Amino acid sequence: IVSPSGTCYSYLGASSRMFYSMALSGQMPRWTIGHIHKEYNICRRSMLINLGLTCLVLFNSDSWASLMVIITGFIVIGYMAAPVSMGAINPKTRVFGTLVFIIVSEVMFSIPKEDLLKVNLAVMVLVASYGLTLIRERKIPFITALSFLSPFVIYLWALYFCNGYTLVAIVSALFYIIITLPKYVALCKKYSSISDSDIAAMEVSH
């Protein structure tokens, strides 16, 4: 009881601060979670969102094992960022990055279909929130935001509908090659970063 409770409190504090930081950097709605309580120095709205997400995941998990599989899915998604970043930063490493990305994708594909479905739906909600933030607060055109955000969502659903490890390898390789192209990397750099003037504009609007 003591051990998981301590872990729970640690993640509660870290994740609530993480949502707040994402709001400041223009990745989440600033008007929703971009506020800190003056006396306690915490973001209460972020904690409430975490509570809602936690309840949503718990109520849709059949067992503790199923919950662990869903969490593993999110961890694997985090690992996917490493080879993608490597190929985007240094194009000479794209061949090695492709191999690593395929291996990680095969791990993702090994997740049971019903759990992978839940992971994909959760990612869609988070990406949609990010997209609305880009359009509403950073005034990015809808088509641009869609082209910026949709590839990864499409890829996850492609994994869901794949019926074999060979097909997963082919789809993963194609996806990796596309998102590490210099033009797409330039698009990501342009719209993922936020300047001081953007922050000031959002502060004025709220």
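You'll find the structure just up there.
Summarised in this report is the structure supplied together with it. (Residues numbered from 1 in each chain as written. Predicted model: local features only at pLDDT ≥ 70, side-chain atom pairs only at ≥ 80, totals over all residues. Heavy atoms only, no water.)

### A closer look at the overall build of the protein
Now for step 1: Along the backbone of the protein there are 10 helices and 0 strands.
Now for step 2: Put simply, the protein runs from its N terminus to its C terminus through helices and strands in the order α-α-α-α-α-α-α-α-α-α.
Now for step 3: Radius of gyration (C-alpha) of the protein: 18 Å, near the 17 Å computed for a compact globule of 206 residues.
Now for step 4: Along the longest, intermediate and shortest principal axes, the C-alpha atoms of the protein span 55 × 45 × 25 Å.
Now for step 5: Taken across its 206 residues, the protein has 34% of its residues classed as buried.
Now for step 6: When the accessible surface of the protein is summed, it comes to about 12,400 Å², and 72% of that surface belongs to carbon and sulfur atoms.
Now for step 7: Both charge centroids of the protein, one from 15 positive and one from 9 negative side chains, sit 9 Å from each other. (Helix = DSSP H or I, 4+ residues; strand = E, 2+ residues; numbered from the N terminus. Rg over C-alpha atoms; globule rule 2.2 N^0.38 Å. Buried < 20%, exposed > 50% of the residue type's maximum accessible area, 1.4 Å probe, protein only. Areas by Shrake-Rupley, 256 points an atom, 1.4 Å probe, with all protein chains shown as cover. Lys, Arg positive; Asp, Glu negative; His and termini not counted. Charge placed at Lys NZ, Arg CZ, Asp CG, Glu CD.)

### Side note on the packing of helix H7 (residues 142–161) against helix H8 (residues 165–179)
When two helices pack together, their arrangement is captured by the angle between the axes and the distance separating the axes.
Now for step 1: Relative orientation of the contacting elements H7 and H8 amounts to 175°, with a least axis distance of 10 Å. Judged by the inter-axis angle, H7 sits roughly antiparallel to H8. Contacts between H7 and H8 involve Pro151, Phe152, Tyr155, Ala158 and Leu159 from the first element and Val168, Val171, Ser172, Phe175 and Ile179 from the second.
Now for step 2: For the contact of H7 with H8, the per-class residue count stands at 9 nonpolar, 1 polar and no charged. (Axes fitted to C-alpha atoms, helices over the stretch in contact; angles between N-to-C directions. Parallel < 35°, antiparallel > 145°, perpendicular 65-115°, else oblique. Contact = heavy atoms within 4.5 Å. Nonpolar A, V, L, I, M, F, W, Y, C, P; charged D, E, K, R; others polar.)

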